Amino acid sequence: MIDTTPWLDALHQAARVRSDAAGLPTRRDEAWKYTDIGALGVASFPLAGRPQGSLPTVAPLTTDALQLLLVNGSLQVLPGAELPAGVVIGRLDGKASAELVEAHLGKVIPAEAKSLAALNSGLFDDGVLVRVGAGVTLERPIEIVSVGQAGGDPLAFHPRCLLVIEDGGAATLVERHQGSGRYFSNSVLEIALGAGASLRHYTLQDESPEAVHVATTGIELAAGSRYAGMLVQTGSRLSRHETHAALAGDGASFELDGAYVGAGKQHLDNTTFVTHTAPGGKSRQLFKGVLDDQSHGVFQGTVRVERAAQKTDAHQLSKTLLLSEQAEMDGKPELEIYADDVKCGHGCTVGDIDETALFYLRARGIDAETARQLLIEAFLGDVLEKIAAEPVRTAFAAVVGECLKGAHATRRTNDHHQG
Amino acid sequence: MLEIRNLHACVDGREILKGIDLTIPAGEVHAVMGPNGSGKSTLSYVLAGRDGYKVTEGSVLYRGQDLLAMKTEERACLGLFLAFQNPVEIPGVTGVNFLKTAVNAVRRSRGQSELDAMQFLKLARRKAKELGVGEEMLRRAVNTGFSGGEKKRYEALQMALLEPKFMILDETDSGLDIDALRVVAEAVDSFRSPERAMLVITHYQRILDYIVPDKVHVLAGGRIVQTGGKELAVELESTGYAQFTEQAA
């Protein structure tokens, strides 16, 4: 539990007033047109108390990871290892690195009334602070694991993290969301990258099948900084992952790739807002999803290039493979360009498995099911391959592989042949 | 090996094959030549079992079994191999993964033990070397970014690994320059044996300089309109197909 400080109280208070007055967004709100966040009754889920009983243990994805464990939003385990000079990994309590926290917390993500980030700001009770000092390269990956543990009754929690990498610093962050039972996890992660700083960020949303997952990630990029992210969504009943990137300094670079697998009645939403305010920035996004059964996918991507952001190079692409006739995809890529010398592109495709490729594989003796599996894995493999850290890539690919197998098992063989 | 009787087939409700009779015994190479649109590729797809190619009449016996009742993959496992006119690019699937899956599927169906990764790599490297296929092509995604010549050599590599009994070459010469054609055709010709048979589908005669056929059939308007020896191919090269297209029309 965090000890409060006056400014933190003020942040809580202001946010509470905002979100109480506004309530949860509904499908009448443009940004929430495709995702009904209130549908599963999360508004009435009581706030989780302190976790009771023994703590779960989660094996880190990489043996050298500096692992932090949050249970129902409350920070339970901090890495014991000695940290290099200039690195702080601790509790977000407004006391340690107070100035740093005050300078960034609640500032990276725009404070909009009807936002889940505002709800988090009003209610978060504990959190994580990571600081990588100027010029420091943190070799060991930081791994933040958020575990939801709900028993008989549903519960809600609001994990909060702040990551500041100062000028010229570099780090790798692995973020994992998982759990059991019925819960509402509404997390906020704010990332501030100083000039020339760089971050690799790998996120795996593998929440409980009954969970409602909302995550808002804000990234502020100063001049020459680089962000490379990978967002994999396989879990939850309903999820919305929102990324807000602000390329505020000259020549900043933002790359975000996404892969998701939906089955059953899952609803998976990827929403991004990328704003170029300074010249020479580069942003690239590639989202690929496989949707089976009656699952529903959403990709909303807005790229805004302001007048000062000349020589911007921005690209976003969403590709979806529908494996069932009941699966559905809503795609809304948007470009808002106010500068005249830019290179921007976007696209959205929704399709079926390539029948020609399927025939080619079968003509070599590979049965239809295996051939289909190979093609689906290849579709997502293309994205997952971009994970530079080998153990992370293997672990993420394994989770995706299992999901595809699961999705596969629920489907009847749909194998035509001449007779 | 293969007995086609009165084969009729439709694509999108339009009849393309209008009663084909063709018998190819083991040990023989037959060429089917014909103008564009005569049904050559349709014949190869029908034999391989592609979706959307509907047989409306006739029968095909392959090694004594009803070929048309089998799925595409069952035909392949029984030794039928179609070398594609346009081998399909499959990004994201590596050659090693694809070839190993195929080889083991065929081995399983023959009651042979599956090859593990090491055994397979050893075999694939040896065959690739024999065919002049660079080892890096095994690591790359299937056909992705390959040149025309590389794609056809890759088809020959698959042939070498799967050891089929009956090969259909669908315009293998298309998109190849003279040198690439010779390399691929000689590789294919080296698979000739008394236990195997081959159907070479082509528009031009030149591939038949390397794979000399026992018989040549002319396909026009969905029917075999003439059959002869290898000299028929040479004759067609000078006379063209006009006589047959008029006849078919």
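### So, the environment of Gly122(A)
Residue and element names in this part refer to chain A.
Right, so step 1: Its location among the elements puts glycine 122 in helix α3 (residues 116-123).
Right, so step 2: Owing to a relative accessible area of 0%, glycine 122 belongs among the buried residues under this scheme.
Right, so step 3: Taking the C-alpha atoms as reference points, glycine 122 and leucine 256, 134 residues apart in sequence, are found 28 Å from one another.

### Observations concerning the sheet that holds strand β16 (residues 282-291) of chain A
Whenever strands of a sheet pair, they do so through backbone hydrogen bonds, lying parallel or antiparallel.
Residue and element names in this part refer to chain A.
Right, so step 1: Taken in spatial order, the ten strands line up as β2-β1-β5-β8-β10-β12-β14-β16-β18-β20 in an open sheet, and their pairing is mixed. Looking along the sheet, the strands with just one partner apiece sit at the ends: β2 (74-77) and β20 (343-351). Across the sheet, the mean angle separating the axes of adjacent strands is 10° when strand polarity is ignored.
Right, so step 2: By the bridge criterion, eight bridges tie strand β10 (residues 198-206) to strand β12 (residues 226-233) in an arrangement that is parallel. The residue bridging arginine 200 from the neighbouring strand is alanine 228, located in β12.

### Here we look at unusual backbone geometry
Right, so step 1: Of note, the phi angle at Ser236(A) is positive, near 75°, even though the residue is not glycine.
Right, so step 2: By the secondary structure assignment, Ser236(A) is in the loop between β12 and β13 (238-247).

### Side note on a negative patch on the surface
Right, so step 1: A cluster of acidic residues, Glu325(A), Asp352(A), Asp354(A), Glu355(A) and Asp51(B), forms a negative patch on the protein surface.
Right, so step 2: Note that Asp352(A) resides in the loop between β20 and α4 (355-362).

### Section: the packing of aromatic side chains
Residue and element names in this part refer to chain A.
Right, so step 1: Overall, the coordinates contain ten aromatic pairs over all chains when judged by the stated rule.
Right, so step 2: Measuring from centroid to centroid gives 5.1 Å for phenylalanine 287 and phenylalanine 299, while their planes differ by 40°, and the two rings are tilted. Pair noted here: phenylalanine 287 is in strand β16 and phenylalanine 299 is in strand β17 (residues 296-305), with a separation of twelve residues, a long-range link. Side by side, phenylalanine 287 and phenylalanine 299 carry an identical accessibility label, which is buried.

### A word on the sheet that holds strand β12 (residues 223-228) of chain B
Residue and element names in this part refer to chain B.
Right, so step 1: The six strands lie next to each other as β6-β9-β10-β3-β11-β12, forming an open sheet whose pairing is mixed. Looking at which strands have only one partner, the edges of the open sheet turn out to be β6 (80-83) and β12. Averaged over all neighbouring strand pairs, the angle between strand axes comes to 20°, with direction disregarded.
Right, so step 2: Pairing of strand β3 (residues 29-33) with strand β11 (residues 215-220), which is carried by four bridges, proceeds in the parallel orientation. The residue of β11 that forms the bridge with alanine 31 is valine 216.
Right, so step 3: Across the sheet, helix α6 (residues 148-162) touches β6 and β9 (166-170), and the angle it forms with β6 is around 170°.
Right, so step 4: Lying over the sheet, helix α8 (residues 231-239) contacts β3, β11 and β12, oriented at roughly 45° with respect to β11.

### Structural notes on the confidence of the model for chain A
Right, so step 1: On average, chain A scores 90 in pLDDT, and the residues at 70 or more come to 93%.
Right, so step 2: When the criterion is pLDDT under 50, residues 410-419 of chain A qualifies, and its contacts beyond four places in sequence or with other chains add up to 27 contacts.

### A short note on the interface of chain B and chain A
Right, so step 1: Contact with chain B, which involves 39 residues of that partner, is made by 22 residues of chain A.
Right, so step 2: Together chain B and chain A conceal approximately 2,500 Å² of surface at their shared face, both sides included; 61% is due to carbon and sulfur atoms.
Right, so step 3: Interface area lost by chain B to chain A is led by Arg50(B), Asp51(B) and Glu73(B), which between them contribute 22%.
Right, so step 4: At the boundary of chain B and chain A, one finds two salt bridges.
Right, so step 5: Inspection of the region where chain B meets chain A yields eight residue pairs in polar contact (both at pLDDT 80 or more).

### A few points about the nonpolar core
Right, so step 1: With 122 residues, the main nonpolar core has Leu7(B) and Leu199(B) as its most contacted residues.
Right, so step 2: Of all the elements, helix α5 (residues 368-384) of chain A adds the most residues to this core, at nine residues.
Right, so step 3: When near neighbours in sequence (up to four residues on either side) are disregarded, Leu7(B) contacts Leu17(B), Lys18(B), Gly19(B), Ile20(B), Leu43(B), Val46(B), Val55(B), Glu57(B), Gly58(B), Val60(B) and Leu68(B).
Right, so step 4: Among the nonpolar cores identified, the runner-up in size contains 46 residues, and Leu138(A), Leu231(A), Ala309(A) and Ala327(A) belong to it.

Rules used throughout
- Residues numbered from 1 in each chain as written.
- Chains lettered and ligands numbered in written order.
- Predicted model: local features only at pLDDT ≥ 70, side-chain atom pairs only at ≥ 80, totals over all residues.
- Heavy atoms only, no water.
- Helix = DSSP H or I, 4+ residues; strand = E, 2+ residues; numbered from the N terminus.
- Buried < 20%, exposed > 50% of the residue type's maximum accessible area, 1.4 Å probe, protein only.
- Pairing = 2+ DSSP bridges.
- Axes fitted to C-alpha atoms, helices over the stretch in contact; angles between N-to-C directions.
- Patch = residues over 30% accessible without salt bridge, like charges linked within 9 Å, V, L, I, M, F, W, Y side chains within 5 Å.
- Areas by Shrake-Rupley, 256 points an atom, 1.4 Å probe, with all protein chains shown as cover.
- Salt bridge = Lys/Arg side-chain N within 4 Å of Asp/Glu carboxyl O.
- Lys, Arg positive; Asp, Glu negative; His and termini not counted.
- Charge placed at Lys NZ, Arg CZ, Asp CG, Glu CD.
- Phe/Tyr/Trp six-rings, centres within 6.5 Å; stacked < 30°, edge-to-face > 60°.
- Contact = heavy atoms within 4.5 Å.
- pLDDT = per-residue confidence, 0-100.
- Buried area = accessible area lost by both parts, 1.4 Å probe.
- Polar contact = N/O pair within 3.5 Å; in protein donor to acceptor, adjacent residues only side chain to side chain.
- Core = buried A, V, L, I, M, F, W, Y, C linked by side-chain atoms within 4.5 Å.

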